[in-house]
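Chain residues, written in single-letter form:
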Amino acid sequence: MEITNPHDKFFKESFTNKEIATDFIKGSFPKELVDNLDLSSLDLDNNSYIDEELKDYYSDLAYNCNYQKTKIKISILFEHKSFVPDYPFLQLLKYIIKIWDFNIKQKEKLIPVIPLIFYHGKDKWEYKKINRYFTGIDNILEKYIPDFDYLLMDLSKYDNEDIKEKIYKNEFLKISLLILKNIYDEEKLKKNLENFLILGKLYYEEEKGLKFLESVIRYLYINLENTKVEDIVHIIEKISEIGGKETMTIAMKLKEEGRIEAKVEDALNLIKEGVSIDIISRCTGLSKTEIERIMKKR
C-alpha cells in the first residue's frame, strides 16, 4: 500500500527496523506476554491487512513471532488521524478477521493476533471494554458479544523524560517517539529538538544513523510550518560535525524536491485549465515529455 500520510511514512520507516520494533515490544507489552515471546524470532510480515475502509483510520505493521511453541502475529496499528475513533473494537475485529481470512486462503492454521494501537493525538484515549458500547446488556446477552483485548500505546500518557529514561533503550526509538509525541506543538518541539536528537549522537557518523537522520529531517520538513530545514541542520551540526555535513546535502535535496513538486502542481493546474503543453513547458520549466507523463498519471 502506498504511504501518502507523512506520519504513516515516518512510523513505518522507524518500526520496520527490527531492533526498534523489538525494543518497542519490550517496553510497551505486558511483562507476562513479553516473557513468553521469543523476540529473536520476530520477522516482519510484508503484507498489510488494512482494507479500504480501515485505511482512513490506520496503517499497519505486522510481525510474526513465536510465543512459546505457537506462532502468533503482532500487529501495530498506527492511528494516523490523531483523534480517538468511536468504535476501535469494531475496526480491530475487522482487521483480525482479515488476517484469519488470509490464513484460510493460504491453507494455514488460524493464528492468534495481538493488536496494538499506536496513538499520538492530543486527546487521551479512553480504553473501554467492548460491552460498554452496548446498553441494557445482562450476563445472558453478554455471552453473545465477541470480546477481546487490545494493547494501546497512547503517547499523551507519557512525558518526555519517561520516554527518554524509563521505558525504552533503543536511541532511535526514543527519538522517534519523542518527535511523534511533540509534533503538534512546533515551538515545544523546536525548543527540545537538540535534546532529543543528541540521544543518537554516537550513531550519526554511521550509515544507519545518517539514514535515520534523513527520515527525521523529511518528517520535520513536511510537518513544521515555521521551522526552516536549515534550522534543523544547524541543530544536528552542533551534535555531530559529520552528521551536519551529510544532513546539509539531504536538506538541499529536499528543497530541490519541493521545487519540482511546486512545478508539477503548477502544471496540473494549467492542464485543468486546458492550457497547451508548449505554454505549460515555458511557464514551469518542465519538458514536454515530463508534462505528458504528468497528464497520463492524472
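Residues numbered from 1 in each chain as written. Predicted model: local features only at pLDDT ≥ 70, side-chain atom pairs only at ≥ 80, totals over all residues. Heavy atoms only, no water.

A. Representation of the overall build of the protein chain within the structure. On a plain count of helices and strands, the protein chain comes out with 13 helices and five strands. Within the protein chain, buried positions represent 43% of all 298 residues. In the protein chain, 63% of the contacts between residues at least 6 apart in sequence involve partners at least 24 apart. Looking at the protein chain as shown, the accessible area adds up to about 17100 Å², and 49% of this sits on carbon and sulfur atoms. Of the side-chain charges in the protein chain, 48 are positive and 54 negative, and the distance between the mean point of each set is 2 Å. (Helix = DSSP H or I, 4+ residues; strand = E, 2+ residues; numbered from the N terminus. Buried < 20%, exposed > 50% of the residue type's maximum accessible area, 1.4 Å probe, protein only. Contact = heavy atoms within 4.5 Å. Areas by Shrake-Rupley, 256 points an atom, 1.4 Å probe, with all protein chains shown as cover. Lys, Arg positive; Asp, Glu negative; His and termini not counted. Charge placed at Lys NZ, Arg CZ, Asp CG, Glu CD.)

B. How the structure looks around the nonpolar core. Counting residues in hydrophobic clusters, the biggest one holds 58 residues, and the most contacted among them are F15, F29, F118 and I179. Among the nonpolar cores identified, the runner-up in size contains 19 residues, and F89, I130, I145 and F148 belong to it. (Core = buried A, V, L, I, M, F, W, Y, C linked by side-chain atoms within 4.5 Å.)

C. Spatial organisation of the packing of helix α7 (residues 171–182) against helix α9 (residues 207–223). At a minimum axis separation of 12 Å, α7 and α9 run at an interaxial angle of 5°. One finds that α7 runs roughly parallel with respect to α9. Seen from α7, the contacting residues are F172, I175, S176, I179 and L180; seen from α9, they are K208, G209, F212, V216, Y219 and L220. Here the residues of the contact of α7 with α9 sort into eight nonpolar, two polar and one charged. (Axes fitted to C-alpha atoms, helices over the stretch in contact; angles between N-to-C directions. Parallel < 35°, antiparallel > 145°, perpendicular 65-115°, else oblique. Nonpolar A, V, L, I, M, F, W, Y, C, P; charged D, E, K, R; others polar.)

D. Expanded view of helix α12 (residues 277–284). Of the positions making up α12, those classed as buried are I280, S281 and T284. Down the axis of α12, the buried side of the element spans an arc of 100°, and every buried residue falls inside it. Counted as exposed and oriented over 90 degrees from the buried face of α12: R282 and C283. One or two positions beyond α12, positive phi appears at G285, with a value near 85°. (Arc of directions from axis to C-beta.)

E. Representation of the pattern of salt bridges within the structure. Inspection of every chain in the model, using the stated rule, returns 13 salt bridges. Note that D162 is salt-bridged to K166, the shortest N-O span being 3.4 Å. Of this pair, D162 and K166 both sit in helix α6 (residues 160–167), four residues apart, which is roughly one turn of the helix. When the shortest N-O distance is used, the salt bridge between E214 and R218 registers 3.4 Å. (Salt bridge = Lys/Arg side-chain N within 4 Å of Asp/Glu carboxyl O.)

F. Structural context of the side chain of N170. Mapping N170 onto the fold places it in the loop between α6 and α7. Owing to a relative accessible area of 14%, N170 belongs among the buried residues under this scheme. Among the polar contacts made by the side chain of N170, one reaches the main-chain amide nitrogen of F172 at a distance of 3.0 Å. The contacts of N170, once residues within four sequence positions are left out, are E19, I20 and D23. (Polar contact = N/O pair within 3.5 Å; in protein donor to acceptor, adjacent residues only side chain to side chain.)

G. Quick peek at unusual backbone geometry. Even without glycine at this site, Q68 takes up a positive phi of about 50°. Topologically, Q68 is positioned in the loop between β2 (58–67) and β3 (70–79).

H. Fine view of the side chain of H120. You can see H120 is positioned in the loop between β4 (113–119) and α5 (139–142). Here L180 takes part through its backbone oxygen, which lies 3.0 Å from a polar atom of the side chain of H120.

I. How the structure looks around the sheet that holds strand β1 (residues 37–45). Read across the open sheet, the five strands follow the order β1-β2-β3-β4-β5; overall the sheet is mixed. Strand pairing shows two members of the sheet lacking a second neighbour, β1 and β5 (151–154), which therefore form its edges. Adjacent strand axes in the sheet meet at a mean angle of 25° when their direction is disregarded. Where β3 and β4 come together, seven bridges link them in parallel fashion. Considered in β4, the bridge of L77 is made with I117. Relative to the sheet, helix α1 (residues 6–15) contacts β2, β3 and β4, its axis offset from that of β2 by approximately 20°. Packed on one face of the sheet, helix α4 (residues 88–105) meets β2, β3 and β4 and runs near 135° to β4. (Pairing = 2+ DSSP bridges.)

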